[in-house]
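Understanding the architecture of this molecule
What follows is the residue order along each chain.
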Amino acid sequence: MSNLGQLVAGIAHEINNPITFIYSNLTHVQSYAADLISLLQLYQKELAEPSPKILQKQQDMDVEFVLDDLLKIVSSMRTGSDRIRQIILSVQDFARTDRSGWQLFDVSDGLENMLLLLQHRLPAQDGRRDIKVVKEYGNLPQVECYAGQLVRAFLNIINNAIDALDMSVEESEISENRQFKPQISIRTKVVDNRRIAIEIADNGTGMSEEVRSRIFEPFFTTKPTGQGSGLGLAVSYEIVVQQHKGELQCFSTPGKGTEIRIEIPLRHS
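For the structure given in this document, a descriptive report is provided here. Worth saying up front: this structure is predicted, and the values here are computed from it rather than measured. (Residues numbered from 1 in each chain as written. Predicted model: local features only at pLDDT ≥ 70, side-chain atom pairs only at ≥ 80, totals over all residues. Heavy atoms only, no water.)

What follows concerns the sheet that holds strand 7 (residues 257-265). Strands in a sheet are paired, the pairing made by backbone hydrogen bonds, and the direction either parallel or antiparallel. With mixed pairing, the five strands of this open sheet are ordered in space as 2-4-5-7-6. Each edge of the sheet is formed by a strand with only one pairing partner; in this case those strands are strand 2 (132-136) and strand 6 (247-253). Recorded for the sheet is a direction-independent mean angle of 15 degrees between the axes of neighbouring strands. Where strand 4 (residues 183-190) meets strand 5 (residues 195-202), seven bridges bridge the pair, whose relative direction is antiparallel. (Pairing = 2+ DSSP bridges. Helix = DSSP H or I, 4+ residues; strand = E, 2+ residues; numbered from the N terminus. Axes fitted to C-alpha atoms, helices over the stretch in contact; angles between N-to-C directions.)

Mapped onto the fold, Thr258 is located in strand 7. There is a polar contact of 2.9 Å between the side chain of Thr258 and the side chain of Ser252. (Polar contact = N/O pair within 3.5 Å; in protein donor to acceptor, adjacent residues only side chain to side chain.)

Counting buried residues in helix 2 (residues 52-61) gives zero out of ten residues, a small share hidden from the surface. Asp62 sits one or two residues past helix 2 and shows a positive phi near 50 degrees. (Buried < 20%, exposed > 50% of the residue type's maximum accessible area, 1.4 Å probe, protein only.)

With that settled, the discussion passes to the pattern of salt bridges. Using the criterion set out here, one finds 14 salt bridges in the structure. Between Glu263 and Arg195 there is a salt bridge, with its nearest N and O atoms 3.1 Å apart. With Glu263 in strand 7 and Arg195 in strand 5, this residue pair connects regions lying 68 residues apart in the sequence. Exposure class is identical for Glu263 and Arg195. Each is buried. Here Arg212 ties to Glu209 by a salt bridge, and the two come within 2.8 Å at their closest N and O atoms. With Arg212 and Glu209 both in helix 6 (residues 209-212) and three residues apart, the pair spans about one turn of that helix. Taking the relative accessible area as the measure of exposure, Arg212 reaches 24% and is therefore partly exposed. A cluster of three or more residues bridged by salt bridges with shared partners is formed by Arg187, Lys189, Arg195, Glu199, Glu247, Glu259, Arg261 and Glu263. (Salt bridge = Lys/Arg side-chain N within 4 Å of Asp/Glu carboxyl O.)

Now the structure itself:
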């Protein structure tokens, strides 16, 4: 896993260099395009009677459409390249090797990065509506932690909540409950001067007490064969409880959803 993290971080770094070059230069491209359009429009105004050759060329290329669309294209390219940059930063955050040991980390940034990496799973698909994400971030101090490991725990827990909502949609279709609106709530807060809490909840169908009591066991899964390893929450438990000396709890009521609560110390010195 450590070697894989280093590989992913290296690839992200190599992608980041050219995309940063593209993003930086698009600002100049946008400015130059605006100047050229302005100059062309001035020519059109001053040259009241262009030659038939120029008129034919304007008609062939649909010059009015090109002038209107060019800046829109450049703006879309800036938006797309900026999105790629944000994803790369999130991947780099996720792939941290933690060779520097304990380090100060912004938990809110880590959660936002995970949501960005999982963004492709939130839109409507396979009969499910868009998953709404409700965020209530408290004013948290930075936490001393193994940042990459903690981010992996967030990823596993949020990913598991999305899986639970997908399964809830299938169950709601069987029960003909067509009004189900999937939602994930993420709350952070300061517990006291020594600990913070992160609560990740979904409004799915929940789980029985028998399932809840085994949810952090390695290789335990309620998913169909081939769709889950049963390791995600077990790894998260190891990261939060064993590595960071925190607490990881699961609260669930059948028909009312599930909440995973993380508590970790602010400092480990």
